[in-house]
Amino acid sequence: MNQIFSTDSIPPAGLTPEGDLRRVRSNPDFWYPVAWSRELKVGKTIGTRYAGQPIALVRPAEGEVFALEDRCAHRQVPLSKGVVKGQAVQCCYHGWAYGRSGRCIDVPYLGKGKLPNGVRTYPCREQDGLIFVFPGDPERAAATPLPRLAQTTNPDYKTRRFGRHVKCHYSFMHENLMDMNHQFMHMKQMGQMKPRFLGQDRGPGMIEARYTFARTGGKQPLGEALVFGQKRDNSAKYAHRDVMTIRTEYPYQTLKIQAEGTPPVMDLWIVYVPQDAEEMTNRVFGLLSIKRPRVPGLLDMAWPFLVAFTERIFSEDREIVELEQAAWDELGGDHNQEVFPVIRSLRELLAECGIPAARS
Amino acid sequence: MNQIFSTDSIPPAGLTPEGDLRRVRSNPDFWYPVAWSRELKVGKTIGTRYAGQPIALVRPAEGEVFALEDRCAHRQVPLSKGVVKGQAVQCCYHGWAYGRSGRCIDVPYLGKGKLPNGVRTYPCREQDGLIFVFPGDPERAAATPLPRLAQTTNPDYKTRRFGRHVKCHYSFMHENLMDMNHQFMHMKQMGQMKPRFLGQDRGPGMIEARYTFARTGGKQPLGEALVFGQKRDNSAKYAHRDVMTIRTEYPYQTLKIQAEGTPPVMDLWIVYVPQDAEEMTNRVFGLLSIKRPRVPGLLDMAWPFLVAFTERIFSEDREIVELEQAAWDELGGDHNQEVFPVIRSLRELLAECGIPAARS
Amino acid sequence: MNQIFSTDSIPPAGLTPEGDLRRVRSNPDFWYPVAWSRELKVGKTIGTRYAGQPIALVRPAEGEVFALEDRCAHRQVPLSKGVVKGQAVQCCYHGWAYGRSGRCIDVPYLGKGKLPNGVRTYPCREQDGLIFVFPGDPERAAATPLPRLAQTTNPDYKTRRFGRHVKCHYSFMHENLMDMNHQFMHMKQMGQMKPRFLGQDRGPGMIEARYTFARTGGKQPLGEALVFGQKRDNSAKYAHRDVMTIRTEYPYQTLKIQAEGTPPVMDLWIVYVPQDAEEMTNRVFGLLSIKRPRVPGLLDMAWPFLVAFTERIFSEDREIVELEQAAWDELGGDHNQEVFPVIRSLRELLAECGIPAARS
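As the structure is a prediction and not an experimental result, all values here were calculated from the model.

Trainee: What should I look at first to understand the packing of helix H1 (residues 170-178) of chain C against helix H4 (residues 298-331) of chain C in this one?
Mentor: Think of two packed helices as two axes; the pair is described by the angle between the axes and how far apart they sit. Residues and elements named next belong to chain C. Between H1 and H4, the shortest axis-to-axis distance is 10 Å and the interhelical angle comes to 130 degrees. Of the possible angle classes, the one that applies to H1 and H4 is oblique. Our pair here, H1 against H4, has a crossing hand that is right-handed. Of H4, the residues touching H1 (which contributes Phe 172, Met 173 and Asn 176) are Phe 314, Asp 317, Ile 320, Val 321, Glu 324, Gln 325 and Trp 328.

Trainee: I tried to follow the relation of the copies chain A and chain B on my own but got confused; where do I start?
Mentor: Related by rotation about an axis and a shift along that axis, the two copies of the chain form a pair. The transformation that overlays chain A on chain B combines an axial shift of 0.1 Å with a rotation of 120 degrees, and the residual RMSD is 0.0 Å. Considering both components of the superposition, the chain copies are consistent with a three-fold axis.

Trainee: Which parts of the structure should I look at to understand the domain arrangement of chain A?
Mentor: In many reports, interface size means the accessible area that the parts give up when they come together. Residue and element names in this part refer to chain A. When its domains are assigned, chain A resolves into domain 1 (40-123) and domain 2 (157-353). Each of domain 1 and domain 2 has a C-alpha centre, and the two are 38 Å apart. The interface of domain 1 with domain 2 comprises five residues on the first partner and seven residues on the second. Around 400 Å² of area is buried between domain 1 and domain 2 when both sides are counted, 48% of it from carbon and sulfur atoms. Looking at the side of domain 1 facing domain 2, the largest losses of area belong to Arg 49, Tyr 50 and Ala 51, adding up to 77% of the total buried there.

Trainee: How do you make sense of helix H4 (residues 298-331) of chain B when you look at a structure like this?
Mentor: A turn of α-helix holds 3.6 residues, and therefore any two residues three or four places apart point the same way. All names here are of chain B. The terminal C-alpha atoms of H4 lie 49 Å apart, and with 34 residues this matches the ideal 50 Å at 1.5 Å per residue to within 8%. By the largest-angle criterion, Pro 304 marks the main kink of H4, which is about 45 degrees. Directly after H4, the chain includes Gly 332, whose backbone phi takes a positive value near 75 degrees.

Trainee: What should I look at first to understand unusual backbone geometry in this one?
Mentor: A negative phi angle characterises most non-glycine residues, just as the trans form characterises most peptide bonds. Along the chain, Tyr250(B) connects to Pro251(B) via a cis peptide bond; the corresponding omega equals 0 degrees. With respect to the helices and strands, the residue Pro251(B) is situated in the loop between strand E18 (243-249) and strand E19 (252-258).

Trainee: Explanation requested: the interface of chain C and chain B in the structure shown.
Mentor: Taken together, the contact pairs 31 residues of chain C with 27 residues of chain B. For the pairing of chain C and chain B, the buried interface totals around 2400 Å² over both sides, and the portion due to carbon and sulfur atoms is 53%. The largest per-residue losses of area from chain C upon contact with chain B belong to Phe184(C), Glu330(C) and Gln337(C), which jointly make up 25% of the total buried on that side. In this assembly, chain C and chain B are joined by six salt bridges. Remark: the boundary between chain C and chain B carries 15 residue pairs in polar contact (both at pLDDT 80 or more). Within the residue set of the side of chain C that touches chain B, elements represented by two or more residues are H1 and H4 of chain C.

Trainee: Would you mind showing me how to read the nonpolar core here?
Mentor: The nonpolar side chains of a soluble globular protein tend to be buried, and buried together. Counting 102 residues, the largest nonpolar core has Leu57(A), Tyr211(A), Leu255(A), Trp269(A), Val342(A) and Tyr98(C) as its most contacted members. Per element, the largest residue contribution to this core is ten residues, and it comes from helix H4 (residues 298-331) of chain A.

Trainee: Sorry if this is basic, but what is going on with the environment of Glu352(C) here?
Mentor: Residues and elements named next belong to chain C. Among the secondary structure elements, Glu 352 is positioned in helix H5 (residues 341-353). Taking the relative accessible area as the measure of exposure, Glu 352 reaches 48% and is therefore partly exposed. Between the alpha carbons of Glu 352 and Arg 318 there is a distance of 25 Å; along the sequence they are 34 residues apart.

Trainee: Mind showing me how you'd approach the side chain of Ser37(C) here?
Mentor: All names here are of chain C. Relative to the helices and strands, Ser 37 resides in the loop between strand E3 (32-36) and strand E4 (44-50). Only 2.7 Å separates the side chain of Ser 37 from the side chain of Glu 126, close enough to count as a polar contact. In contact with Ser 37, other than residues within four places in its own chain, are Arg 59, Glu 126, Gly 129, Leu 130 and Ile 131.

Trainee: Honestly, a nonpolar patch on the surface in this entry has me stumped. Any pointers?
Mentor: Residues and elements named next belong to chain A. Where nonpolar side chains cluster on the molecular surface, the patch consists of Val 295, Leu 298 and Met 301 and spans about 300 Å² of accessible area. Along the chain, Met 301 falls in helix H4. With relative accessibility at 64%, the residue Met 301 sits in the exposed group.

Trainee: Looking at this model, I keep getting lost on the environment of Ala67(B). Mind explaining?
Mentor: Residue and element names in this part refer to chain B. On the secondary structure map, Ala 67 appears in strand E6 (residues 66-69). Ala 67 gets classed as buried once you look at its relative accessible area, which sits at 0%. C-alpha of Ala 67 to C-alpha of Gly 47: the two residues are 20 residues apart in sequence and 9.6 Å apart in space. Excluding residues within four positions of it along the chain, Ala 67 makes contact with Ile 55, Ala 56, Leu 57, Thr 121, Tyr 122, Cys 124 and Val 133.

Trainee: What is the right way to look at the packing of aromatic side chains in this model?
Mentor: Each aromatic ring pair is specified by the distance between its two centres and by the angle formed by the two planes. Applying the stated criterion across every chain, the model contains 33 aromatic pairs over all chains. Taken together, Tyr109(A), Phe197(B), Tyr211(B), Phe213(B) and Phe340(B) form an aromatic cluster joined through their ring pairs. A cation sits over an aromatic face here: Lys158(B) above Trp303(B), 4.8 Å from the ring centre.

Trainee: Explanation requested: the side chain of Gln90(C) in the structure shown.
Mentor: Note on placement: Gln90(C) falls in strand E8 (residues 88-90). Beyond its immediate stretch of four places on either side in the chain, Gln90(C) contacts Phe184(A), Gly82(C), Val83(C), Lys85(C), Gly95(C), Trp96(C), Ala97(C) and Pro108(C).

Trainee: Quick question: what am I supposed to make of the sheet that holds strand E12 (residues 124-127) of chain C here?
Mentor: The strands making up a sheet associate through hydrogen bonds between their backbones, and the pairing can be parallel or antiparallel. All names here are of chain C. Ordered in space as E3-E13-E12, the three strands form an open sheet in which the pairing is antiparallel. The sheet terminates laterally at E3 and E12, the two strands that pair on one side only. Direction aside, the axes of adjacent strands within the sheet are offset by 30 degrees on average.

Trainee: Would you mind showing me how to read the interface of chain A and chain B here?
Mentor: Every contact between the two is made by 27 residues of chain A and, on the other side, 31 residues of chain B. Both sides together, the interface formed by chain A and chain B hides about 2400 Å², and carbon and sulfur atoms give 53% of it. Where chain A touches chain B, the interface holds six salt bridges. A salt bridge links Glu319(B) to Lys81(A), with the shortest nitrogen-to-oxygen separation between them at 3.3 Å. Summed over the shared surface of chain A and chain B, the number is 15 residue pairs in polar contact (both at pLDDT 80 or more). Of the residues contributing to the side of chain A that touches chain B, the split by class is twelve nonpolar, nine polar and six charged.

Trainee: Is there a simple way to explain the pattern of salt bridges in this structure?
Mentor: Close approach of charged atoms allows side chains with opposite charge to pair. The full count for this structure, using the stated rule, is 72 salt bridges over all chains. We note a salt bridge from Glu338(C) to Arg75(B), for which the minimum N-O separation is 3.1 Å. Linking Glu338(C) in the loop between H4 and H5 with Arg75(B) in the loop between E6 and strand E7 (83-85), this pair reaches from one chain into another. When sorted by exposure, Glu338(C) lands in the same class as Arg75(B), which is buried. For the salt bridge of Arg210(B) with Glu208(B), the shortest nitrogen-to-oxygen distance reads 2.9 Å. Given a relative accessible area of 22%, Arg210(B) falls into the partly exposed group. Classification of Glu208(B) by relative accessible area gives buried; the value is 10%. Taken together, the shared-partner salt bridges connect Arg22(A), Glu175(A), Glu324(A), Asp334(A), Glu338(A), Arg347(A) and Arg75(C) into one network.

Calculation rules
Residues numbered from 1 in each chain as written. Chains lettered and ligands numbered in written order. Predicted model: local features only at pLDDT ≥ 70, side-chain atom pairs only at ≥ 80, totals over all residues. Heavy atoms only, no water. Axes fitted to C-alpha atoms, helices over the stretch in contact; angles between N-to-C directions. Helix = DSSP H or I, 4+ residues; strand = E, 2+ residues; numbered from the N terminus. Parallel < 35°, antiparallel > 145°, perpendicular 65-115°, else oblique. Left-handed = near helix turned anticlockwise from the far one by under 90°. Contact = heavy atoms within 4.5 Å. Least-squares fit on C-alpha atoms with pLDDT ≥ 70 in both. Domains from an automatic or database assignment. Buried area = accessible area lost by both parts, 1.4 Å probe. Expected span 1.5 Å × (residues − 1). Bend = angle between axes of the 7 residues up to and from the residue. Salt bridge = Lys/Arg side-chain N within 4 Å of Asp/Glu carboxyl O. Polar contact = N/O pair within 3.5 Å; in protein donor to acceptor, adjacent residues only side chain to side chain. Core = buried A, V, L, I, M, F, W, Y, C linked by side-chain atoms within 4.5 Å. Buried < 20%, exposed > 50% of the residue type's maximum accessible area, 1.4 Å probe, protein only. Patch = residues over 30% accessible without salt bridge, like charges linked within 9 Å, V, L, I, M, F, W, Y side chains within 5 Å. Areas by Shrake-Rupley, 256 points an atom, 1.4 Å probe, with all protein chains shown as cover. Phe/Tyr/Trp six-rings, centres within 6.5 Å; stacked < 30°, edge-to-face > 60°. Lys NZ or Arg CZ within 6 Å of the ring centre and 35° of its normal. Pairing = 2+ DSSP bridges. Nonpolar A, V, L, I, M, F, W, Y, C, P; charged D, E, K, R; others polar.

What follows is the structure in structure tokens.
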């Protein structure tokens, strides 16, 4: 790997100019997915979370999904345990009903007088199998675009939807994906792959890193061959042909693999949605689009192997970021000693775009 | 339901004049059950709790049950792990022995000199299958009456003893039982029952709410039919005939169903004994007396169905109050927005009769 | 039991002159075992702990075991998840490598410039199947002797290695073993054994208590007969013949049983290594040497019974010390009311030799 950086000045361990990165809260003024569309059946409600805020998603028999604070104004029990009735959801406990706007529209046993306060509502949109909410200032929702979701709408690709809960701050996830030197960890799955860092781009709210790879040992795994649509050998001819571009476009992340002048063979979109109020856990929503090879049906046939392969990779990644979080918990702060400039830039970006934790 | 109240002036959310109700401690100057008689065999000792205080109950071969602080004065291990010997209990670790009064009466290996300090003792009484202690000022115990325990001693009734641990402050339990508008939650078990609130009474240390019911949908469940001793139809003839009276007589609660001028068909006595020091968990002791119908043996035969029916109801109640507690924990305080005057009065009563949490 | 002490002046409950004994930290300027040799295979690394410090033990293919701080300097993930390569361990995540000295000797993708900081190293020794580290001032390690490990090297004895995690402060373990009046607790396993306290010795960093025993009831258990190499009866002839000597030689503890002028029939060496930073849990490492009887093979044949017997004893001890710790947790401090002078001395010794907890 040709190095294009030196470590003459390693910055103070762990800190960004904004302080401890793991205490930086995610910026709520973006669209965050909080559920897969298939999780929410017609006429039902489910409970989900963003950064400690419980959110009830409601899918009425007619009309679009809506999102309310998941606590009845009466006794704070989850509305998502309730019953959907027309364009409203009725709390399971005493039957208080709330409309799409969050206003309380009925208390079944109430006498004369004004209705009690309602609950908070969240701007909500559904796209390509994901349900998004806008947890920040609702006035900004309309002007904030939804992200492009990999190749979900492109028939040339097959897309895998995946995700799970990971017990770490979202920043560990961004760093994990962008620092391809961690290929070392996936050696058992991938064989020995030597990354070459090509360079980085930095813009407002985004950072991008580009790599190529050469196989230096081991056999190409089936999963990888599937991604590239062909079996590649170890010769110099193929080494460093495909460029991997990893980009954090706050708060989302993408990873694309493509040879010059051709469409990507792989296009990943992924986001890490904080779950608890401290944001020390996150739920991953990932869309992995793979270009269909010329032979029809081949990708579908091979799909189970590809799923298993990516699961193993993801499982190794999850273990290591949870160990990073556990070390942070024990040490009571970030002691990261970063030597890789693109990761230092990424850390600054995440700190700038996020919300500094309130000093206590 | 005829409403006899308005909500023109909903009080500030969550607060009673004494502050956050969920921080009000139970008043120890009452008799609290801490175990069922059948749990404590002759010649044995068991450990139990009241509001974070560990209590060893001891049943000697002769004489009445007694109750000691469940921590040996030597090394604070539970005396309830020990051995009953005559009128004393001997710690399992080094054999220190304590009498009925809590005094240390023997240290097997002790030389000359005074015996060490003993442990606290609790006034203790056993009645109708329950073991009560008086955790407050012992001087008040004798003058404080034991409560009347449903119809346990009346041969016209069959009584079910039930209980379990519930993870919430005891006040949620009182509110749950007294607000019959939560019939909405039991719709699956009970069918649609419309409660009509008849009125309330308030006295020193007590509050009472009265309701009637009319079935507006669904079939009468078997369990309910058993309670009423006959199958009732949906006609106006039977609607609103039986009056349900729910009473908190601090710290106990009762629920009776009876038609005017007749003995109750159902008579429930229940109490919620705080377990941990913060009183955010409680153990329920309930006695449910059902009047025997004229056909002998019918109630005994039907008993398993009635048990299953009441278990399902209780299980729904437990789930919801634990969700209330979980919401309180997350919000760090009570945000209850109560519109029902009888529940507002109940909350005031519980706050008045309890012990305000020390300001920290 | 002849008492040679009085309790006219029981000291204030729970406190040593240094304060709460359970807040006294173990003194790191000693050799502590952190693993059994057999746990660490050639060419592998494992993670272990001393008082909240994670320690990676590394056994290279050639050369001695070494011990490093178990956190990569880069992202603080455990080095013990890494790969041993020559005389170095390589972090599993990005492949940073550390030598025996803890210095970072390679970052595979690093450009020009100085290598980043390394990690802490611990003096490390292996003896008789145990791996020791010296967590204190490394300059003192060479001059601090390793303890004598029971009779592990004496062919006249067979030695059992045992241990497990116990959820309590190490001081409860010392007190448990030294106060033989707790034979009361093992009555089911041992029958009634009456201890007689013969006296104590106190020196710098050490305290010793001596007892004899007489059987006052029950049959001699098989395990005990094995230890003594013969079946002893209850007659006065054998009572009080064997002397049990229990010694805390900080931070280790030993227990020997021997008749005057003969080698010990049993020789136990044991240590309680704090695991968490608060030192409220410990890992036991014990070596129990039993003198082989004259009949060859007898001890080996009987070994499984002896193992089961000692496991039952140890299991009772573990339960009780964990109950002591639980009571300490609940009470928020030590309320021990000690009447036995040798235990009072032991408590002073542990407080003197340990490190007072920082006042917070």
